[in-house]
Amino acid sequence: MRLLIDNAQVELINKAYEFYPISGVTTNPTILSKVGGNPFEILRQIREMIGEEEMHVQVISTKADEIVEEAKHIVNILGRETFVKIPAIDEGFKAMKILSYTTEISFTATAVYTTMQAFIAAECGAAYVAPYVNRIDNLGYNGIEVVKQIKNFLINNGMETEILAASFKNSQQVVELLEYGIDAVTVAPDILKNFVKNAAVDSAIEDFISDFESFAGEGKTMKDFK
Ligand code: G3P
């Protein structure tokens, strides 16, 4: 399962890349609003930082023809490795079909709340479908179960579309999908940090160091011995 970061703040992305095995960056209009200014300024910086890794950038248009033009504009500026996020709504599906038949642009069907949206998007040629796990939970349904159902239909129908699960509120939601073999998840930096934040781990490491220093001396490591 590939791990992507759902954020547009260059420092946070940089930090995540420094410490964790991140495979790409996802953004959406809300995420961009937290940075402000010209969105392409920040997206270009992210592109520069991550090189040819995948970046997902969402269109704002809601009419098919405009979505197609906006998608071309995004990819022209940010490169082929950019997946255009297109909402899984009627005009979005129409745009997906046009992009599929007439361009090489890869797209991610976003705002997926149901298996049927994912099915239509996959048939329209989406590279990814992005189910919103926590937002589905908030509607009183089970986000994890929706993702599992999508995964099953993609496998059982031999479809190439992958799942990029999004909208997580906690690590447990990610763990459940890990176990099920979902293709990719995108998580916000604070959720990512909590994957490994654990007082018991910190305490175990501290004990090991203190035990070693008790006989080797303060600040000593294995490098000090031959
Ligand atoms: O990028 C889309 C998705 O990650 C939204 O997440 O946390 O706003 O529900 P959230």
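Predicted model, so just to flag it, every value in this text is computed and none were measured. (Residues numbered from 1 in each chain as written. Predicted model: local features only at pLDDT ≥ 70, side-chain atom pairs only at ≥ 80, totals over all residues. Heavy atoms only, no water.)

**Student:** For this particular structure, what's the right way to read the domain arrangement of the protein chain?
**Tutor:** Accessible area lost upon the coming together of the parts is a frequently used measure of interface size. In terms of domains, the protein chain is made up of domain 1 (2-194) and domain 2 (196-226). Summarising the inter-unit geometry, the C-alpha centres of domain 1 and domain 2 are found 41 Å apart. (Domains from an automatic or database assignment.)

**Student:** What should I look at first to understand the side chain of S167 in this one?
**Tutor:** Tracing the sequence through the fold places S167 in the loop between β7 (162-165) and α9 (171-180). Among all residues touching S167, those that are not within four sequence positions of it are Y132, V133, N134, R135 and T186. (Helix = DSSP H or I, 4+ residues; strand = E, 2+ residues; numbered from the N terminus. Contact = heavy atoms within 4.5 Å.)

**Student:** Even after reading the chapter, I still don't get a nonpolar patch on the surface, so can you show me in this structure?
**Tutor:** A grouping of V201, I205, F208 and I209 is seen on the molecular surface, where their side chains present a nonpolar patch of about 400 Å² in accessible area. Taking the relative accessible area as the measure of exposure, I209 reaches 47% and is therefore partly exposed. (Patch = residues over 30% accessible without salt bridge, like charges linked within 9 Å, V, L, I, M, F, W, Y side chains within 5 Å. Areas by Shrake-Rupley, 256 points an atom, 1.4 Å probe, with all protein chains shown as cover. Salt bridge = Lys/Arg side-chain N within 4 Å of Asp/Glu carboxyl O. Buried < 20%, exposed > 50% of the residue type's maximum accessible area, 1.4 Å probe, protein only.)

**Student:** Whenever I open this one, the environment of D137 confuses me. Can you help?
**Tutor:** With respect to the helices and strands, D137 occurs in helix α7 (residues 133-138). Judged by its relative accessible area of 27%, D137 is partly exposed. Sequence-wise, D137 and V201 are 64 residues apart; in three dimensions their C-alpha atoms are separated by 30 Å. Looking at D137, its side chain comes within polar contact range of the main-chain nitrogen of G143, at 2.6 Å. (Polar contact = N/O pair within 3.5 Å; in protein donor to acceptor, adjacent residues only side chain to side chain.)

**Student:** I tried to follow the layout of surface pockets on my own but got confused; where do I start?
**Tutor:** The probe, sized like a water molecule, is rolled over the atoms to show the empty space still left. Looking at the largest pocket, its volume works out to about 540 Å³. Elements with a contribution of two residues or more to the lining of the largest pocket: α2 (29-33), β3 (54-58), β5 (107-112), α7, β8 (184-187) and α10 (189-196). Each residue belonging to the lining of the largest pocket can be placed in one class, and the counts come to 14 nonpolar, 12 polar and 6 charged. The computed volume of the second largest pocket comes to approximately 280 Å³. Lining the second largest pocket, in full, are I5, L12, K15, A16, F19, Y20, P189, D190, L192, K193, V196 and K197. For the lining of the second largest pocket, the secondary-structure elements that each account for two or more residues are α1 (10-19) and α10. It is α10 that provides the largest number of residues to the lining of the second largest pocket, a total of 5 residues. Looking at the lining of the second largest pocket, its residues break down into 8 nonpolar, no polar and 4 charged. (1 Å grid on protein atoms, 1.4 Å probe; cavity = no way out; pocket = protein on both sides within 12 Å on 5 of 7 lines; lining within 4 Å. Points joined across faces, edges and corners; volume = space filled by probe spheres on them. Nonpolar A, V, L, I, M, F, W, Y, C, P; charged D, E, K, R; others polar.)

**Student:** Hey, could you run me through the pattern of salt bridges in this one?
**Tutor:** Side-chain pairs of opposite charge can arise whenever the charged atoms involved come near each other. By the definition in use, this model includes 4 salt bridges. Across the pair E145 and K148 runs a salt bridge, and its minimum N-O distance is 3.8 Å. Within this pair, E145 and its partner K148 are both found in helix α8 (residues 143-156), separated by 3 residues, close to a single helical turn.

**Student:** Which parts of the structure should I look at to understand α10?
**Tutor:** In an α-helix, one turn spans 3.6 residues, which is why side chains three or four residues apart end up on the same side. Taken as a whole, α10 has its buried residues at P189, I191 and L192. On an axial view of α10, the arc spanned by its buried residues comes to 160 degrees, and they lie on one face. Residues of α10 that are exposed and point over 90 degrees away from its buried face: D190 and K193. Check the buried side of α10 and you find it contacts β1 (2-6), α1, β2 (22-26), α9 and β8. (Arc of directions from axis to C-beta.)

**Student:** I'm lost on the site of the ligand in this one. Help?
**Tutor:** Taken together, the neighbourhood of the ligand is formed by D6, N28, K85, Y132, R135, A166 and S167. D6 places a polar side-chain atom, nitrogen or oxygen, 2.5 Å from an oxygen atom of the ligand. Here an oxygen atom of the ligand sits 2.7 Å away from a polar atom, N or O, in the side chain of R135. Of the pockets mapped on this structure, the ligand occupies the largest pocket. For the shell around the ligand, the per-class residue count stands at 2 nonpolar, 2 polar and 3 charged. (Near = heavy atom within 4 Å. Sits in = over half its atoms within 2 Å of the grid points.)

**Student:** Explain the packing of helix α3 (residues 39-50) against helix α4 (residues 64-78) to me, please; I cannot follow it from the model alone.
**Tutor:** In a packed pair of helices, the relevant descriptors are the angle between the two axes and the axis-to-axis distance. Contact geometry of α3 with α4 gives a least axis separation of 10 Å together with a crossing angle of 50 degrees. Between α3 and α4, the angle falls in the class oblique. At the point where α3 passes α4, the crossing takes the right-handed sense. Between α3, through F40, L43, R44 and R47, and α4, the contact on the second element is made entirely by H73, I74, I77 and L78. Here the residues of the contact of α3 with α4 sort into 5 nonpolar, 1 polar and 2 charged. (Axes fitted to C-alpha atoms, helices over the stretch in contact; angles between N-to-C directions. Parallel < 35°, antiparallel > 145°, perpendicular 65-115°, else oblique. Left-handed = near helix turned anticlockwise from the far one by under 90°.)

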